[in-house]
Amino acid sequence: MLSLERRQVDSRLMEYLSPVLALVLTVITGFLIFLGLDRDPVEGLRLFFIVPISDAVGVAELGLKAAPLLLCAAGLTICYRARIWNIGAEGHFLMGAVGATIAALHFGEGTGFWILPVVLLAGIACGALWSAIAAFLKTHFHCNEILTTIMLNYIALNLLLYAVHGPLKDPYGFSFPQSAMFGDAALLPMLIPGTRLHIGLLFALLAAVAVGVLFARTFIGFQLKVLGEDHKAAEFAGFPRKRLVWFAFLVAGGLAGLAGASEVTGPIGQLIPQVSPGYGYTAIIVVFMGRMKAVGLILASALLALTFLGGEMMQIGMNLPKAMTGLFQGLLLFYLLTCDAFIHYRIRLTRRHVTASAGTNTPLATQES
Amino acid sequence: MTAAARLRLENIVKEYPGCRANDGIDLTVAPGEIHALLGENGAGKSTLMKVIYGVIQPDEGTLYWDGEKLTLQGPAHARQLGIGMVFQHFSLFETLTVTENIALGLPASEAKDRKALEKRIREVSTHYGMALDPRRHVHSLSTGERQRVEIVRCLIQHSRLLILDEPTSVLTPQEVADLFRTLRQLASEGCSILFISHKLQEVRDLCHHATVLRNGKVTGECDPTETSTDAIARLMVGDETPLSTDVPPATPGAPLLEVSGLSYASDDPFGTALRNITMELRAGEIVGIAGVAGNGQDELLRALSGEYKAAANQVCFDGQDVGQLGPDARRRAGIAVVPEERLGRGAVPDMSLVDNTLLTASAQGMVSKGWVAYRKAREYATRVRDRFQVKSDGIEAPARSLSGGNLQKFIIGREALQEPRLLVASHPTWGVDVGSAVAIHQVLVELRDRGAAVLLISEDLDELFQLCTRMGAICGGRLSPLVPTESLSIGQLGQWMAGDFADAAGEVNHAVA
């Protein structure tokens, strides 16, 4: 008989093996899904996972999609290490995009090297401001941050829609719900000429490394970890809980806001309703896939970025809906959480003691059922 | 003799992953015998008890009940045979009455007639001298009364073997005396009693026979009335471990901590409010506070550590009002605290000893400008480990991998090496092996002799009487006077533990003046 048994010591191997295992299981399940959909599974998987990154432009596109994921995930990592379940990266991201747009439109076609930093700072500030609402509710009213941040995501989305349909709408845009194109001074420089990859990726890599250093070397990182692992110990040690919660929320909001700002000042160049394909939500998967470590986050953000590209390929090459992206992301998270159980537990084969009690208990059990 | 034995165990073996909890245990309990089962934490007492009560099946070995071979199918089966058990943590519903609680354990035919049941409860409790009102709700009962409910429940089910797991750990000395009277009467009427404890004096007072366990094996049997406590302790702990600390007399110095009129209403709905606590601690003395768990000990500790903030001038340390300071600032001022919970407050379970060093000792040069100097933390953790002989799998081992005693040595060592001027320790040797307990006592006495004040909050009266210069008791959030240990009788302390401060009023005034 199989039974799940708590390990004496958590498995380090399983901690790192789990994301790999989850990916393998996702691929296998994907194979079966393609079969079920009456498509060639090998071709399907090739289109989803390989074709999108088979040339330089594809790799650049991967970096383009990975950058916002990584920025959001870096911020969320700070929250999640402290067991602050901030689900609001999507909202921070959208508000960051709105904030950057307001600044960029304000400067119009103006020139000056300082315009871009101010635009990005406006995005960071708006993202942080948005997450400050949830921080305030948590520290002052003990509101559950899962609920408040999810609700704030919807409010942010509606604010964005209001903005593009109203005050930020391009007056010469034939009534399309989108802002005017930004001036050149408000656009991010390109990283690789001939592609759409901009320096937002550098911000993201920097953020991932900074978060790694935060938890490996700084006292505030240590305090956040203790707060997450054992809040009674944090209280006993006298760590400033409220200040730590504020720190986590503001940094997460700022980084997601920067991601939003980089998106409108980067590949898009204007504010549109579909500015995010769900980066803020997908970033949650990145955090868990990446084991909350810098290198892990970078690899995971690349993998999850691939699911966006793969989803587009599905539409083009297989006539399947874009929902394939969400499907693969869901599978990944599902298998990851399943495999993670084996970090703390192991399967054990046990022999049941067949005693007289088994015999006498059986009739009782059937009566009850 | 075998035929007469009420319960006989032969070669009981029970193995858990990584530990052989019971390793070939033999045990015989005669009718009407009060039999002590002695051993340190982890010796295998609880496992054996669960085997006898049918909670777990032994891997090997045989039970005989009244001379007949027995395979227990569960606790219900055990109760049916007449094996009753009183756990350390009571299994009572607080919102139900005494009668209702007892009815829950009975077959429907007996439970149905509440009037008759009530009458029987009254009869049984009066007969055995355990005053109990069957209509009271359990939440309104004291710990001692709740224990009586558990015992009466067993007696109503006609138990012929009563197992009591550390029954005295929750009682005041007077309640202990009452309990022993009841148990002696029960035994004289033929009921066998298995008395599980690690308090040797009690066992010597009460029991006819003792079986001593160590590391899952029987290391000795004796007649406790004729064997010295030292000889029994040797059987419990083995040959190498020292049994107790020498405590030279203290030389108290200047007043260091002054608590005056401290009241605190707990945030926790199940907490106890502190009521007008006034005390003074001098440098170079150990002051003890006895009390039954949950009478405000934890709140007092938090009020001193800074986890709770006090009003102005309620907590003064070295002439400075520290009542408004948080734990970090108080630690810097020289107040160190060892909380009752080791894992999950005193130490983070899944973090390494190095990280746990950083938890409270970060001010020892381990953090500069927000950056952690892990080299310093490792050095400090190594010093704690070497100085206090903490057995661990290196300093990177997670806190939860350490045994209770070793973790406690680490936590106390972590605080002691910071050279605090006041150490507040709550239940520092609870659940700790004798060897570690002696080492921990040593640390407290050394701190005292270096001029620190030590406040020792404990339920272990032996420990308090052994170590403390002055002591008193806390009950219902109120503190008794703190008097010199040599002038305090155990009877007086017991009254204070039960909240009876009436005859101490004069002394209170005296102490305040």
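Residues numbered from 1 in each chain as written. Chains lettered and ligands numbered in written order. Predicted model: local features only at pLDDT ≥ 70, side-chain atom pairs only at ≥ 80, totals over all residues. Heavy atoms only, no water.

- Looking at an unreviewed UniProt entry, one finds chain B named ABC transporter ATP-binding protein and attributed to Marinobacter halodurans.

- If you look chain A up in an unreviewed UniProt entry, it shows as ABC transporter permease from Marinobacter halodurans.

**Focus on the overall build of chain B**
Argument step 1. For chain B, the count of helices and strands is 18 helices and 23 strands.
Argument step 2. A compact globule built from 513 residues should have a C-alpha radius of gyration of about 24 Å, and chain B, at 24 Å, falls within 12% of that.
Argument step 3. When burial is assessed residue by residue, chain B has 55% of its 513 residues classed as buried.
Argument step 4. Taking as baseline every contact in chain B between residues at least 6 positions apart, the subset at least 24 positions apart corresponds to 65%.
Argument step 5. Surface accessibility of chain B: about 21,200 Å² in total, with carbon and sulfur atoms responsible for 50%.
Argument step 6. Treating the 52 positive side-chain charges of chain B as one cloud and the 65 negative ones as another, the clouds have centres 4 Å apart. (Helix = DSSP H or I, 4+ residues; strand = E, 2+ residues; numbered from the N terminus. Rg over C-alpha atoms; globule rule 2.2 N^0.38 Å. Buried < 20%, exposed > 50% of the residue type's maximum accessible area, 1.4 Å probe, protein only. Contact = heavy atoms within 4.5 Å. Areas by Shrake-Rupley, 256 points an atom, 1.4 Å probe, with all protein chains shown as cover. Lys, Arg positive; Asp, Glu negative; His and termini not counted. Charge placed at Lys NZ, Arg CZ, Asp CG, Glu CD.)

**Here's the deal with the nonpolar core**
Argument step 1. Counting residues in hydrophobic clusters, the biggest one holds 162 residues, and the most contacted among them are V226(A), F239(A) and L493(B).
Argument step 2. For this core, the element with the highest residue contribution is helix α3 (residues 56-81) of chain A, accounting for 15 residues.
Argument step 3. For L493(B), the contacting residues outside a window of four places in its chain are A290(B), L461(B), F465(B), M471(B), G472(B), A473(B) and L488(B).
Argument step 4. Grouped together as the second largest cluster of nonpolar side chains are 47 residues, A103(B), V124(B), L171(B) and A210(B) included. (Core = buried A, V, L, I, M, F, W, Y, C linked by side-chain atoms within 4.5 Å.)

**Quick notes on the packing of aromatic side chains**
Argument step 1. Under the definition given, this model contains 18 aromatic pairs over all chains.
Argument step 2. Aromatic pair F49(A) and F328(A): ring centres 5.6 Å apart, planes at 85 degrees, arrangement edge-to-face. Taken together, the residues span a long stretch of sequence, with F49(A) in helix α2 (residues 41-50) and F328(A) in helix α13 (residues 323-344) at a distance of 279 residues.
Argument step 3. Classification of F49(A) as buried rests on a relative accessible area of 15%.
Argument step 4. What makes F328(A) buried here is its relative accessible area of 2%.
Argument step 5. On the basis of an interplanar angle of 75 degrees and a centroid distance of 5.9 Å, the ring pair of F180(B) and F195(B) is categorised as edge-to-face. One end of the pair, F180(B), is in helix α7 (residues 173-188); the other, F195(B), is in strand β8 (residues 192-197), and 15 residues separate them in sequence.
Argument step 6. The exposure class assigned to F195(B) is buried, which follows from its relative accessible area of 0%.
Argument step 7. Taken together, the aromatic side chains of F34(A), F48(A), F49(A) and F328(A) make up a single cluster linked through ring pairs.
Argument step 8. Sitting over the face of the ring of F215(A), R81(A) holds its NZ or CZ atom 4.7 Å from the ring centroid.
Argument step 9. When the ring centre of Y64(B) is taken as reference, the NZ or CZ atom of R8(B) above it lies at 4.4 Å. (Phe/Tyr/Trp six-rings, centres within 6.5 Å; stacked < 30°, edge-to-face > 60°. Lys NZ or Arg CZ within 6 Å of the ring centre and 35° of its normal.)

**Examining the domain arrangement of chain B**
Residue and element names in this part refer to chain B.
Argument step 1. If you check the domain split of chain B, you get domain 1 (7-237) and domain 2 (255-350 + 419-512).
Argument step 2. Of note, the centres of domain 1 and domain 2, computed from C-alpha atoms alone, are 33 Å apart.
Argument step 3. Counting residues at the interface gives ten residues for domain 1 and 13 residues for domain 2.
Argument step 4. Buried surface at the junction of domain 1 and domain 2, both sides included, amounts to about 830 Å², of which 59% is carbon and sulfur.
Argument step 5. The residue makeup of the side of domain 1 that touches domain 2, split by class, is four nonpolar, five polar and one charged. (Domains from an automatic or database assignment. Buried area = accessible area lost by both parts, 1.4 Å probe. Nonpolar A, V, L, I, M, F, W, Y, C, P; charged D, E, K, R; others polar.)

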